[in-house]
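Reading the structure
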Amino acid sequence: MSHHLYLLSPSDTPLYSLTFYSTRPTSTVSSPLAGNLPNWSTSAFAGTLTALSGASSSAHQTSSGTVRMGGGQDRHVIQMIANASLDVIEDAMKTQTTMYFKSVDKFNEWTVSAFVTPGNMKFLLLHEGKNDDGIKAFFTDVWELYVKTMLNPFHTAHTPVRSAVFDTRVRASAKKYL
Amino acid sequence: MSSYAQPHSRVSVLSTSSQSSVEHLSPAASSTRFSLPSIPTTPQPKPAGVRPNIYDRNLNKTRITEVSAAAFTFLFSETVQYTQKRVSGINDLERRLNTLGYRIGTRVLELMVWRAEGQSKAPKREIRLLPALMSIHTQVWRAVFGKPADAIEKSVDNADEYMIVDNDPLIERYISVPRDMSQLSCSSFTAGIVEAVLDGLGFPARVTAHSTPKAQYPSCTTILIKLEKSVLEREEVLK
């Protein structure tokens, strides 16, 4: 179970990202497309293609320790899914008055949840499986940490967050809730 | 004579002890000599310069604390003077003050909403214009100046213009604008704060400040909000 967190500035520039592997067992959402597609493994872009086609099971080795290749676990695929969900989030932002957008977008096995601060910062979380309360609590923690970062007079809404303390705190919160 | 004998005996004690060791020159030892209140040594005071990390501090701690008006006035006066030396005209000066205020506004917005909504189960955002303007009129003013603004008006001529009126702006209380710069309004700083809040909430606007003196309020100031076209279009859709 991996989680990917992105903090985006009001102009959608990534300011901070975190990949977190949680050890909690949760039921993963199976993709209906998986298994119905040919094996792309001979292609140079095998990972990307399998990921995008939804054949997540072809390269998954969920047994402990092994590195998972393809199947939507590649960094660039994750980033693309996160980017693609921005459109959906922006639409939702216009009509909904909440800050927390629960499972706003879905792509194969990935679910995207988002949190929008009043200053228009977006927190994106890609996750597999359901954990609404945990994700909400996690976002609330990240929000508080972000407000504290923002109070630094040298920080602007477009400055990447590089604080080691921030990173440690976010990881601790992820460990607690995700 | 005993009054003279006392200091003598003290001096002699000091001289012998200082010969025996240099330790007694340390501040801890000299405290007995000057009979200062003894400093407890066991809980070491924090070394200067090491302050608690911002991430360890509670955001609500300073919620009700206030800033000294005198100190702020000095700081703001210096800010205006500093800026004035580096600009070519009144418009430029106002624009720079606006930019400075903008930096404050982005923080005010995040912190203010966090304090209001941070503990709630489902934090809310503002997506409609009028409630957003009302919250600027009351909440933002209260957070920054400690009191709500005096009025909020909609322009009769232009649908995209709103005005926030402050009869006695705190930051202008000790400022008297020279006659030859009568167009200048130092509340451009406040306008910057308002602009940042509106921008953050997703209502981009051009915000300016204008002096509108009245008989009983000579420093009355109007903050003029000119909204971008996209904002009004969105409002139409949401209706």
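Residues numbered from 1 in each chain as written. Chains lettered and ligands numbered in written order. Predicted model: local features only at pLDDT ≥ 70, side-chain atom pairs only at ≥ 80, totals over all residues. Heavy atoms only, no water.

Operational definition: UniProt positions are given in the numbering used here, feature names are shortened, and annotations may be inferred rather than shown by experiment.
Chain B has the name Trafficking protein particle complex subunit in an unreviewed UniProt entry, where Roridomyces roridus is given as its organism. Turning to chain B, the UniProt annotation filed under Subunit (unreviewed entry) states: "Part of the multisubunit TRAPP (transport protein particle) complex." According to the UniProt record, the Sequence similarities (unreviewed entry) comment for chain B reads "Belongs to the TRAPP small subunits family. BET3 subfamily."

An unreviewed UniProt entry lists chain A under the name Sedlin, from Roridomyces roridus.

1. Looking at the packing of helix α3 (residues 69-85) of chain B against helix α4 (residues 90-117) of chain B
Residue and element names in this part refer to chain B. As a reminder of what qualifies: Think of each axis as a best-fit line through the C-alpha atoms, taken over the contacting stretch in the case of a helix, with angles from 0 to 180 degrees between the N-to-C directions. Segments assigned H or I by DSSP are reported as helices when at least four residues long, segments assigned E as strands when at least two residues long, and all are numbered from the N terminus. For this classification, under 35 degrees means roughly parallel, over 145 means roughly antiparallel, 65 to 115 means roughly perpendicular, and everything else is oblique. The hand of a helix crossing depends on one turn: near helix anticlockwise from the far one by less than a right angle means left-handed, and clockwise means right-handed. Contacts are assigned to residue pairs that have any heavy atoms within 4.5 Å of one another.
Contact pair α3 / α4: the axes reach a minimum separation of 10 Å and the direction vectors enclose 130 degrees. Considered as vectors, α3 and α4 are oriented oblique to each other. Handedness of the crossing formed by α3 with α4: right-handed. On α4, the residues touching Thr79, Val80, Thr83 and Gln84 of α3 are Leu93, Arg96, Leu97 and Leu100.

2. Observations regarding the sheet that holds strand β3 (residues 100-107) of chain A
All names here are of chain A. To be explicit about the condition: Pairing between two strands is assigned when DSSP locates at least 2 bridges connecting them.
Spatially, five strands are ordered β2-β1-β5-β4-β3 in an open sheet, and the strand pairing comes out antiparallel. One side of each edge strand has no neighbouring strand; the edge strands of this open sheet are β2 (14-21) and β3. Here the average twist between neighbouring strands, direction ignored, is 20 degrees. Against the sheet, helix α2 (residues 75-95) touches β1 (2-8), β2, β3, β4 (110-116) and β5 (122-127), its axis set at about 125 degrees to β5. Lying on the sheet, helix α3 (residues 132-150) is in contact with β1, β3, β4 and β5; it crosses β5 at an angle near 145 degrees.

3. With respect to the nonpolar core
The test is simple: As used here, the term nonpolar core means buried Ala, Val, Leu, Ile, Met, Phe, Trp, Tyr and Cys residues forming a set that is joined through side-chain atoms within 4.5 Å. Each residue is placed in one exposure class: buried if its accessible area under a 1.4 Å probe, protein chains only, is under 20% of its type's maximum, exposed if it is over 50%, and partly exposed if it falls in between.
Of all hydrophobic cores here, the largest spans 70 residues; its most connected members are Leu5, Leu7, Phe123 and Val170 of chain A together with Leu198 and Ile225 of chain B. Setting aside chain neighbours within four positions, we find valine 170 of chain A in contact with Leu5, Tyr16, Leu18, Phe138, Val142 and Leu145 of chain A. Counting residues in hydrophobic clusters, the runner-up holds 18 residues, among them Ile78, Leu86, Phe101 and Leu124 of chain A.

4. Quick notes on the pattern of salt bridges
Short version of the rule: For this document, the term salt bridge refers to a Lys or Arg side-chain nitrogen within 4 Å of an Asp or Glu carboxyl oxygen.
Counting across every chain of the model gives eleven salt bridges over all chains. With its nearest N and O atoms 2.9 Å apart, the salt bridge here joins aspartate 12 of chain A to lysine 122 of chain A. Of this pair, aspartate 12 of chain A sits in the loop between β1 and β2 while lysine 122 of chain A sits in strand β5, placing them 110 residues apart in sequence. Assessed through its relative accessible area of 2%, lysine 122 of chain A is described here as buried. Note that arginine 95 of chain B is salt-bridged to aspartate 92 of chain B, the shortest N-O span being 2.7 Å. Separated by three residues within a single helix, arginine 95 of chain B and aspartate 92 of chain B lie in helix α4, roughly one turn from each other. A single salt-bridge network, built from bridges that share partners, covers Asp160, Glu161 and Lys226 of chain B.

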